[in-house]
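In case you want the letters, here they are:
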Amino acid sequence: MKILVVGGGGREHAIIMKLAESPRTTELYCAPGNGGISRYAKCFPVKATDIDGMVKLAKELQPDLVVVAPDDPLVLGMVDAMQAAGFRTFGPKANAAIIEGSKIFSKELMKKYGIPTGGYEVFTDSAAAIAYIKAQNTYPTVIKADGLALGKGVILAQNEEEAVEAVRDMIDNKKFGESSARIVIEEFLTGPEVSVLSFTDGTTVVPMISSMDHKRALDGDEGLNTGGMGTVAPNPYYTPEIAETCMKTIFQPTVDAMRKEGRPFTGCLYFGLMLTPKGPKVIEYNCRFGDPETQVVLPLLDSDLTQIMEATYDGNLSSLDIRWKQESAACVVMASGGYPVKYESGKVISGLDAQGQTSGVFVYHAGTKYEDGQFLTAGGRVLGVTSTAGTLAAALDKSYAAVGTIDWEQVHYRRDIGQRALKAKQ
Ligand code: AMP
Ligand code: GLY
């Protein structure tokens, strides 16, 4: 099989490495890819959001399978375009990707089908939103832009001043353009967070191993929200009983609801869950693999990813037996100093071999360039240093030992990835 993966981050690197394990895979292509990915797949400089350019590339390469990994091309309809051009494609069509593309759509879906989530109201007018906030007078409160906002569209306001500022920024100052013309004001939920990715063909849903993200930039969950500074899998809070509840009250009902709405979801559906005192509730859906969740989930997959991806397209996922390794995985993200706000790129990375790797771990490249035999930083999140082992503690030790041998000017990483999960286990 020749396979084209659309995207260029750590998640795509992890997808490519798992696809490479399949005996069916003959050629791997990635667009745009990055420095590290280029050591394992042939990369092409087509932007992930360039639908016409990507279809043109597919026509040249004639892949047997196309995998669209990032949210923006999915929401823009790249899967529709690829399938119209005759390519077997992994990922949801635009009318299903809206489950991530519009928070209002997803909240209304959950309300209509009784899927547990936080209470909410929708606003398009800032004065009405502010009046509601003042009347509620409960903090923290959660303010979300309706559309995609590069992962920055969620504000946890601690007081009235912050809440009012967030509303004004989003609706009046159009901070995220059309994405924040409509907002959701949502009940603040508490409890451990769990990420569960799943494979689905629109009818059958198969959850993957659970994971835990670390979204804040600094140790002790301080600092700004980021795309994710590290992950571990499995998530110790996600017990078999909770998994069973989630399957019954959230996973299957969501997939059924989308089908009933005439929007069958195929591909990877990501459930962002909060295990509240009143049971598991949905914080968000993503229409794709999470980043950096994928970097710890896919290494634990013990089945052929090419077969699973084809089955989501062919609608016969229920005929597969999908297996997982009984191990733990840990990914420590190494970022550019200053991320997620302002940072410099182009720093020479030391400690990597010619494949962009170092011994004892796998280094997924998130933002690197490969030039003259060297790897340079090229983004906020740069590397995801990942390992698997019999225990989480052992996986963390391996990842952190490798992190200590990799360096560049102003490198930043958290030193406490996995600590909360280790404590939960005791
Ligand atoms: P998102 O950008 O949708 O992933 O949200 C970012 C983070 O905001 C989530 O991972 C949660 O930690 C937090 N969050 C989102 N919605 C809520 C909520 N209703 N209550 C508490 N925290 C939330
Ligand atoms: N790590 C969270 C996400 O991919 O949205």
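Quick look at the structure, then.

Basis of the calculations
- Residues numbered from 1 in each chain as written.
- Chains lettered and ligands numbered in written order.
- Predicted model: local features only at pLDDT ≥ 70, side-chain atom pairs only at ≥ 80, totals over all residues.
- Heavy atoms only, no water.
- Pairing = 2+ DSSP bridges.
- Helix = DSSP H or I, 4+ residues; strand = E, 2+ residues; numbered from the N terminus.
- Axes fitted to C-alpha atoms, helices over the stretch in contact; angles between N-to-C directions.
- Parallel < 35°, antiparallel > 145°, perpendicular 65-115°, else oblique.
- Contact = heavy atoms within 4.5 Å.
- Nonpolar A, V, L, I, M, F, W, Y, C, P; charged D, E, K, R; others polar.
- Near = heavy atom within 4 Å.
- Polar contact = N/O pair within 3.5 Å; in protein donor to acceptor, adjacent residues only side chain to side chain.
- Areas by Shrake-Rupley, 256 points an atom, 1.4 Å probe, with all protein chains shown as cover.
- Core = buried A, V, L, I, M, F, W, Y, C linked by side-chain atoms within 4.5 Å.
- Buried < 20%, exposed > 50% of the residue type's maximum accessible area, 1.4 Å probe, protein only.
- Patch = residues over 30% accessible without salt bridge, like charges linked within 9 Å, V, L, I, M, F, W, Y side chains within 5 Å.
- Salt bridge = Lys/Arg side-chain N within 4 Å of Asp/Glu carboxyl O.

1. Structural notes on the sheet that holds strand β16 (residues 267-276)
Part 1 of the reasoning: Taken in spatial order, the 4 strands of this open sheet run β11-β10-β16-β17, and their pairing is antiparallel. The open sheet terminates on both sides in strands that have one partner only, identified here as β11 (205-207) and β17 (279-286). The sheet shows a mean angle of 35 degrees between the axes of neighbouring strands, taken without regard to direction.

2. What to know about the packing of helix α5 (residues 94-101) against helix α6 (residues 103-113)
Part 1 of the reasoning: Where α5 meets α6, the closest approach of the two axes is 6 Å, and the angle between their N-to-C directions is 95 degrees. Of the possible angle classes, the one that applies to α5 and α6 is roughly perpendicular. Taking contact as the criterion, the partners of I98, I99 and G101 in α5 are, on α6, K103, F105, S106 and L109.
Part 2 of the reasoning: Class assignment of the residues belonging to the contact of α5 with α6 gives a composition of 4 nonpolar, 2 polar and 1 charged.

3. Re unusual backbone geometry
Part 1 of the reasoning: Here the bond from A233 into P234 is cis, since omega is -10 degrees, no more than 30 degrees from zero.
Part 2 of the reasoning: Locating P234 in the fold gives a position in the loop between β15 (230-233) and α9 (240-260).
Part 3 of the reasoning: Of note, the bond from Y339 into P340 is cis; its omega dihedral lies within 30 degrees of zero at 10 degrees.
Part 4 of the reasoning: Considering the arrangement of structural elements, one finds P340 in the loop between β18 (328-336) and β19 (362-365).
Part 5 of the reasoning: Of note in the backbone geometry, D221 takes a positive phi value of approximately 55 degrees without being a glycine.
Part 6 of the reasoning: At D372, a position not held by glycine, the phi torsion is positive, near 50 degrees.
Part 7 of the reasoning: For D372, the position within the fold is in the loop between β20 (368-371) and β21 (374-377).

4. Notes on the site of ligand 2
Part 1 of the reasoning: Around ligand 2, a shell composed of D213, G227, Y270, N286, R288, G290, D291, P292 and E293 is seen.
Part 2 of the reasoning: The separation between a nitrogen atom of ligand 2 and a polar side-chain atom of D213 is 2.9 Å.
Part 3 of the reasoning: For ligand 2, an oxygen atom lies 3.1 Å from a polar atom in the side chain of N286.
Part 4 of the reasoning: Here ligand 2 loses 89% of its free accessible area of 200 Å² to cover by the protein chains.
Part 5 of the reasoning: Across the shell around ligand 2, the residue classes break down as 2 nonpolar, 3 polar and 4 charged.

5. Some details on the pairing of strand β14 (residues 222-225)
Part 1 of the reasoning: Bridge count for strand β13 (residues 216-218) against β14 is 2 bridges, and the pairing is antiparallel. Counted as the bridge partner of L218 is E222 from β14.
Part 2 of the reasoning: Between the antiparallel neighbours β13 and β14 lie 3 residues, among them G220 with a positive phi of about 70 degrees.

6. So, the site of ligand 1
Part 1 of the reasoning: Inspection of the region around ligand 1 gives 13 residues, with E186, E187, L189, E193 and E284 positioned closest.
Part 2 of the reasoning: Within the backbone of L189, a nitrogen or oxygen atom sits 2.8 Å from a nitrogen atom of ligand 1.
Part 3 of the reasoning: With the chains in place, 91% of the 480 Å² that ligand 1 exposes on its own is no longer accessible.
Part 4 of the reasoning: Elements with a contribution of two residues or more to the shell around ligand 1: β7 (141-145), β8 (154-157) and β17.
Part 5 of the reasoning: When grouped by side-chain class, the residues that make up the shell around ligand 1 number 7 nonpolar, no polar and 6 charged.

7. Considering the nonpolar core
Part 1 of the reasoning: Counting 45 residues, the largest nonpolar core has I99, F251 and L273 as the members making the most contacts within it.
Part 2 of the reasoning: Once residues lying within four places of it in the same chain are set aside, the contact partners of I99 are F105, S106, L109, T254, M258, F265, L269, Y285 and C287.
Part 3 of the reasoning: By size, the runner-up hydrophobic cluster in this structure holds 41 residues, among which are I15, A41, I322 and V333.

8. Digging into a nonpolar patch on the surface
Part 1 of the reasoning: A contiguous nonpolar surface patch, about 210 Å² in accessible area, is contributed by V154, L156 and F188.
Part 2 of the reasoning: By the element assignment, V154 lies in strand β8.
Part 3 of the reasoning: The exposure class of V154 is partly exposed, given its relative accessible area of 32%.

9. Brief notes about the sheet that holds strand β9 (residues 183-186)
Part 1 of the reasoning: Read across the open sheet, the 4 strands follow the order β6-β9-β7-β8; overall the sheet is antiparallel. Single-partner strands in this sheet number two, and they are β6 (120-123) and β8. Going from strand to strand, the sheet's axes swing by 20 degrees on average, the running direction of each strand aside.

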